[in-house]
Amino acid sequence: MDLERVRDRITSDICKIIPTELSEETQAEIARLVDAALLEATGVVHDKSKQAVVFCCGPEADLAHKIQHRMDQQRDMLIANLMAMR
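What counts, and at which threshold
- Residues numbered from 1 in each chain as written.
- Predicted model: local features only at pLDDT ≥ 70, side-chain atom pairs only at ≥ 80, totals over all residues.
- Heavy atoms only, no water.
- Helix = DSSP H or I, 4+ residues; strand = E, 2+ residues; numbered from the N terminus.
- Buried < 20%, exposed > 50% of the residue type's maximum accessible area, 1.4 Å probe, protein only.
- Contact = heavy atoms within 4.5 Å.
- Areas by Shrake-Rupley, 256 points an atom, 1.4 Å probe, with all protein chains shown as cover.
- Salt bridge = Lys/Arg side-chain N within 4 Å of Asp/Glu carboxyl O.
- Core = buried A, V, L, I, M, F, W, Y, C linked by side-chain atoms within 4.5 Å.
- Expected span 1.5 Å × (residues − 1).
- Arc of directions from axis to C-beta.

Caption draft 1: Broad picture of the overall build of the chain. Scanning the chain for helices and strands turns up 3 helices and 0 strands. When the helices and strands of the chain are placed in sequence order, the string is α-α-α. Per-residue burial over the chain gives 23% buried out of 86 residues. By sequence separation, contacts in the chain at least 24 residues apart represent 47% of the contacts at least 6 residues apart. Accessible surface, the chain: about 6500 Å² in total, of which carbon and sulfur atoms supply 59%.

Shown next, in the form of structure tokens:
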């Protein structure tokens, strides 16, 4: 996923729904806030993925299946949160 394109698209969408013309500085500030939110979200997903690996390393577990399941859950949650930002 190219986060720069996501940031640009979200910033553009935000600017389109605001009824007044925004200055370049305001648009840059919106882009900075979107960057910070995406960075935080991806950091949380990364941390949750690491936790999933540790959680799933029990000797009786089907390791690959559990890791994939937890990572899918975290990815789906991130996508839902990003879609809610629209």
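Having seen the model, we can carry on.
Caption draft 2: Up close: the pattern of salt bridges. Evaluation of the coordinates by the stated rule reveals 7 salt bridges. Between E4 and R7 there is a salt bridge whose closest N-O contact spans 3.9 Å. Remark: R7 and E4 occur in helix α1 (residues 3-17); sequence separation between them is 3 residues, near one turn of the helix. We classify R7 as buried; its relative accessible area is 16%. R7 is paired through a salt bridge with D8; the nearest N and O atoms lie 2.9 Å apart. For D8, a relative accessible area of 39% puts it in the partly exposed group. Beyond isolated ion pairs, a larger network of salt bridges with shared partners links E4, R7, D8 and D35.

Caption draft 3: Up close: the side chain of T11. When you line up the elements, T11 lands in helix α1. With near-sequence residues (within four places) excluded, T11 lies in contact with Q27, I30, A31 and V34.

Caption draft 4: Main features of the nonpolar core. Counting 11 residues, the largest nonpolar core is built from V6, I10, C15, L22, I30, V34, L38, A41, V45, L78 and L82. Among the elements of the structure, α1, α2 (24-55) and α3 (63-84) are those that each provide at least two residues to this core. Considering each element in turn, this core owes the most residues, 5 residues, to α2. Here I30 is in contact with T11, I14, C15 and L22, once residues within four sequence places are set aside.

Caption draft 5: Here's a closer look at α1. Its 15 residues give α1 an end-to-end C-alpha distance of 21 Å, which sits within 8% of 21 Å, the value for a rise of 1.5 Å per residue. The complete set of buried residues in α1 reads V6, R7, I10, T11 and C15. With its buried residues spanning 160° around the axis, α1 presents them on a single face. Exposed and facing more than 90 degrees away from the buried side of α1 are R5, K16 and I17.

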